[in-house]
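# Descriptive structure summary
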Amino acid sequence: MLRLKSALKTLALALSVAGLFTACGDDETTGLVASVSEPAMFFNRVSTFAVCEQVGSSCESDEVTAAEIAAASTDGMTVIYTNSPKREIGFVDITDPANPLPLGALAMGGEPTSVAVLGAYAVVAVNAKAGAADEFTSPDGKLVVVDIAKRQIVTQLALGGQPDSVAVSKDGRYIAVVIENQRDEGVNGGAIPQAPAGALMIVDSVGSPDSWKTRSVALTGLATLYPTDPEPEYVAINADNVAAVTLQENNHVVLVDLKSGSVTGHFSAGSVNLSQVDLTDERPNKIALGETQADRLREPDGITWLSKTRFAIANEGDLNGGSRSYTIMNTKGEVEYDSGAELDHLAVRLGHFNDRRSDAKGTEPENVAFARFDRTDYLFVALERASLLAVYDLSVPTKPVLKQALPGAISPEGILTIPSRGLVISASEVDERGMPARSALNLYAYQKAEASYPKVMSADRADGTPIPWAALSGMAAAADGKTLYAVEDSFFRSNRIFEMDVTASPAIIKREIQIKDSNDVFKNVGLTLPATKDNQAFDQTDVAAMINADKSVNIDPEGIAMATGGGFWVASEGAGSKTTYESGRNIVSANLIFKVAANGDIQEVIALPPELNALQTRYGLEGVAEHDGKLVVAIQRSWDSSNKAGNPSIGVYDLSAKTWMFLSYPLDPVSSPNGGWVGLSEITAIGGNQYLVVERDNQMGPDARVKRLYKIDLTGKANGALLSKTLVRDLLPDLKATKGLPLEKIEGLAVLPSGEVLFSTDNDGVNDHGGGGETQLIRLGKILN
């Protein structure tokens, strides 16, 4: 069990996330005790249901699907979710949470925006004019009542506007529907006011659905911001049948008594002063938690009641704000707790921070949900841009304690709690097969077991903020059997090497080593590559552009190996291409190997032979290993258009003779129904001139097929020889064992001195898809003969 005596206080948050420590009494670090004798209760992912399974069990359709908001039948056995792109709701059988099964879909005659359950019925808010020319100027919607068991529409109620959120009172007497009447973002830059104004619709739901009646509650004239154009976003109902409504763009919360239909209270959501946050979007990226911003409006989205007099809001932001936090308020409008920068720091610590959202709203807390599990109150916060679900213990309601964080596929939107079955479900809406990314329902069970996620997290810097990291690529094992070194790829600037303690669970990134050209070795390397079609060349001018003012470098580290005598070898993939795979990507950097000292200083630069550089395309150096006076590198895909087999090369560089030879590696064929390609991702020496290589396709989720670990032997091989390979392990089952959709990029591989093999995945800096930000560090055990 990890002991970080000198850093206990600064690591309290991290350790509670990891499940290594649990809170006792309050949230002071002095109350943290080791939890080693018996596993406590944690939420763990038990399955992931890809929404495309409703289209076909093999998910081979390109149809865009989504799961945005989900609800459960009263017995907790069926999930109903909104699928906006297909204008339908879907049904999933979760009788066995580890094996969710599709039950089909039902067309809604419009875009479903939210769903809730009342007895035997699902009530669905539907935007009837989605996509119409007058959608914003003359909005219209309906509440569709669906028999869950029969999966048939029972009746429909006119709403007279564009609905968003829907909620059902605990006693079943009322349904509250937010009528957002959202603005047209293409008009005047999306500024408001834009008529018509939003409102709250109350449905008196006593009796049969065909007898239900509706009442409208005006929300104009309440907010200080844009009082003529309230845009309500979310609604929740407490045990006293008081609806709390968030007006996101108006930065306001309104309380409505559902029985009388009267507004009983309203107040501003307020603002915060942000500190220790990253507010700058840099390209290449750099996470720097040192900026401040005053008076940032909260602009809440999701809301949930914690009691009759207290609620929590998720401060996603929209027009003018977004405080990156969640807030607990009371019905007097008083702030009882605000999480400040904690959610951003959590995402950074777990490698889930999307730096390209730094200048916007950071992690974007999208939604909140509250429930009691086994006599303990919990708050769940969905972080849309970080693809995380943060879980807080609310035993003391005004002093939340971070319990853990759950991986949320890609962009979690809705949160569904089913306490009677010990289940939590998040709905993740992003779906684009070509990315690749698939929308999913993520099922988590409350169980007596250690937290299964995260697998990697970071310690703190001297200023108390977490070491920022993501996009882990190559890995290498140190001789001590306790330490791995990893590199980050070109998504980030000022590239670093991370020192990781793998005796801890999760592994702890405890130190960052910046790669620097302190002695101008790289600056004076004097490399020149052949010009591309528009006469651009990689030369000393381009090298200078890759070196920052502080001598740090912007390269593309894809592989790392321990160097004999100390320090590291770092393989950097070149950027740009001739025309083998695509045009329009001029060569701007070469594929290079850097000899880096233990402190990060560049000591030597090794280039590929000029004749090979002349063929440079994308998909270059992906791994490096050292053995017996030689460097061995893996080139991801073939650069030679005349190579009919499409085999990439394994390069061997003699460190004494300074000569190269290249061997042909036989790739497995493409077998994914989504096409794509297969290539090499990593190489590691295992002794006796033998090496492990990772071979993978560029597919994830249901389309993933090739994720394999092979062994090759270079003994006696002459230049140009075709290698043979031996399958060591199919890694796809190991990815599926995480209970998430299989991740695309296996990029890191290491063998400890004990013989234990580990591999890691690259989350692409959480940009676009990146597997939803997940980084999996998976231990395979001693699998080598």
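Definitions and limits used
- Residues numbered from 1 in each chain as written.
- Predicted model: local features only at pLDDT ≥ 70, side-chain atom pairs only at ≥ 80, totals over all residues.
- Heavy atoms only, no water.
- Helix = DSSP H or I, 4+ residues; strand = E, 2+ residues; numbered from the N terminus.
- Rg over C-alpha atoms; globule rule 2.2 N^0.38 Å.
- Buried < 20%, exposed > 50% of the residue type's maximum accessible area, 1.4 Å probe, protein only.
- Contact = heavy atoms within 4.5 Å.
- Areas by Shrake-Rupley, 256 points an atom, 1.4 Å probe, with all protein chains shown as cover.
- Lys, Arg positive; Asp, Glu negative; His and termini not counted.
- Charge placed at Lys NZ, Arg CZ, Asp CG, Glu CD.
- Salt bridge = Lys/Arg side-chain N within 4 Å of Asp/Glu carboxyl O.
- Pairing = 2+ DSSP bridges.
- Axes fitted to C-alpha atoms, helices over the stretch in contact; angles between N-to-C directions.
- Phe/Tyr/Trp six-rings, centres within 6.5 Å; stacked < 30°, edge-to-face > 60°.
- Lys NZ or Arg CZ within 6 Å of the ring centre and 35° of its normal.
- Core = buried A, V, L, I, M, F, W, Y, C linked by side-chain atoms within 4.5 Å.
- pLDDT = per-residue confidence, 0-100.
- Polar contact = N/O pair within 3.5 Å; in protein donor to acceptor, adjacent residues only side chain to side chain.

Okay, the overall build of the chain next. Tallying secondary structure elements over the chain gives five helices and 52 strands in all. The globule rule puts the C-alpha radius of gyration for 785 residues at 28 Å, and the 28 Å found for the chain is close to it. Projected onto the principal axes, the alpha-carbon positions of the chain cover approximately 90 × 55 × 50 Å. Burial status across the chain gives 60% buried among its 785 residues. The long-range fraction of contacts in the chain, counting pairs at least 24 apart against all pairs at least 6 apart in sequence, stands at 55%. Here the chain has roughly 27,700 Å² of accessible surface; of this, 46% comes from carbon and sulfur atoms. For the chain, the distance from the average position of its 69 positive side-chain charges to the average position of its 99 negative side-chain charges is 4 Å.

Here the residue pair I192 and P193 is connected by a cis peptide bond, since its omega of 20° sits within 30 degrees of zero. By secondary structure assignment, the location of P193 is in the loop between strand 13 (174-179) and strand 14 (199-204). A cis amide bond links M435 to the next residue, P436, at an omega of 0°. Along the chain, P436 falls in the loop between strand 31 (423-428) and strand 32 (440-448). Phi at C59 takes a positive value of approximately 55°, unusual for a residue other than glycine. Assignment of secondary structure puts C59 in the loop between strand 3 (41-50) and strand 4 (70-72). Phi angles above zero are rare outside glycine, and E299 is one such case at about 50°. Overall, the relative accessible area of 0% leaves E299 in the buried class.

One pass over the full model with this rule turns up 36 salt bridges. Of the charged contacts in the structure, one is a salt bridge between R372 and D377, with a shortest N-O distance of 2.6 Å. By relative accessible area, R372 is classed as exposed at 51%. Here D668 ties to K725 by a salt bridge, and the two come within 2.7 Å at their closest N and O atoms. Highlighted residues: D668 in the loop between strand 45 (659-664) and strand 46 (678-687) and K725 in the loop between strand 48 (707-713) and strand 49 (726-730), separated in sequence by 57 residues. Judged by relative accessible area, which is 13%, D668 ranks as buried. The partly exposed category is assigned to K725, whose relative accessible area is 23%.

The strand order across the open sheet formed by four strands is 42-43-44-45, and the pairing between neighbours is antiparallel. Strands with a single pairing partner mark the edges of an open sheet, and in this sheet they are strand 42 (621-627) and strand 45. Strand-to-strand twist across the sheet, computed as the mean angle between neighbouring axes with direction ignored, equals 20°. Inspection of the sheet shows strand 42 paired to strand 43 (residues 630-635) by six bridges, in the antiparallel sense. If you follow V624 over to strand 43, its bridge partner there is V633.

Time to look at the packing of aromatic side chains. Enumeration according to the criterion identifies 20 aromatic pairs in this entry. Consider the rings of Y653 and W660, whose centres lie 5.0 Å apart with planes at 50°: the pair is tilted. R151 extends its terminal NZ or CZ atom over the ring of F91, reaching a point 5.8 Å from the ring centre. One Lys or Arg, K595, reaches over the ring of W569 and ends 5.9 Å from the middle of that ring.

The buried fraction of helix 2 (residues 342-349) is high, at seven of eight residues. Every buried residue belonging to helix 2 is among L343, D344, H345, L346, A347, V348 and R349, and all of these are buried. A positive backbone phi angle near 75° is found at G351, which sits one or two residues after helix 2.

Here we come to the pairing of strand 18 (residues 252-257). Counting buried positions over the six residues of strand 18 gives six, a clear majority of the element. Residues H252, V254 and V256 line one face of strand 18 and the alternating positions V253, L255 and D257 line the opposite face, and both faces are buried. When strand 17 (residues 242-247) meets strand 18, the two strands line up antiparallel, connected through six bridges. Directly across from V242, in strand 18, lies its bridge partner D257. Counting the residues that bridge the hairpin from strand 17 to strand 18 gives four residues, and of these N251 lies at a positive phi of roughly 55°. Counted along the chain from strand 18 to the antiparallel partner strand 19 (residues 262-268), the turn is four residues long, and its residue G261 has a positive phi close to 75°.

This paragraph deals with the nonpolar core. Generally speaking, nonpolar side chains in soluble globular proteins are found buried as a group. If you look at the biggest cluster of nonpolar residues, it comprises 34 residues, and the most contacted ones within it are Y326, L379, V381, L388 and Y392. In terms of residues, this core owes the most to one element, helix 2, which gives four residues. Ignoring anything within four residues of it in the chain, the contact list for Y392 reads Y326, E342, L343, D377, Y378, L379, V381, P400, V401, L402 and K403.

With respect to the helices and strands, the residue T82 is situated in strand 5 (residues 78-83). Residue classification places T82 among the buried residues on the basis of a relative accessible area of 0%. Leave out the neighbours within four places in its chain, and T82 touches A66, A67, E68, I69, E88, I89, P112, T113, S114 and V115.

For the chain, the mean per-residue pLDDT works out to 92, and 92% of the residues sit at or above 70. Between residues 1-37, whose pLDDT stays under 50, and residues either more than four places distant or in other chains, the model counts 65 contacts.

With that settled, the discussion passes to the sheet that holds strand 49. Taking strand neighbours across the sheet as the criterion, the four strands line up as 46-47-48-49 in an open arrangement whose pairing is antiparallel. The sheet is open, and its two borders are formed by strand 46 and strand 49, each paired with just one other strand. Between one strand axis and the next, the sheet turns by 25° as a mean value, whatever way the strands run. Inspection of the sheet shows strand 48 paired to strand 49 by four bridges, in the antiparallel sense. If you follow R708 over to strand 49, its bridge partner there is D730.

What follows concerns the side chain of N698. You can see N698 is positioned in the loop between strand 47 (690-697) and strand 48. In this structure N698 comes out as buried when scored by relative accessible area, which is 15%. A polar contact of 3.1 Å, which involves the side chain of N698, links it to the side chain of Q699. Beyond its immediate chain neighbours, meaning those up to four positions away, N698 contacts P436, G675, G676, W677 and E744.

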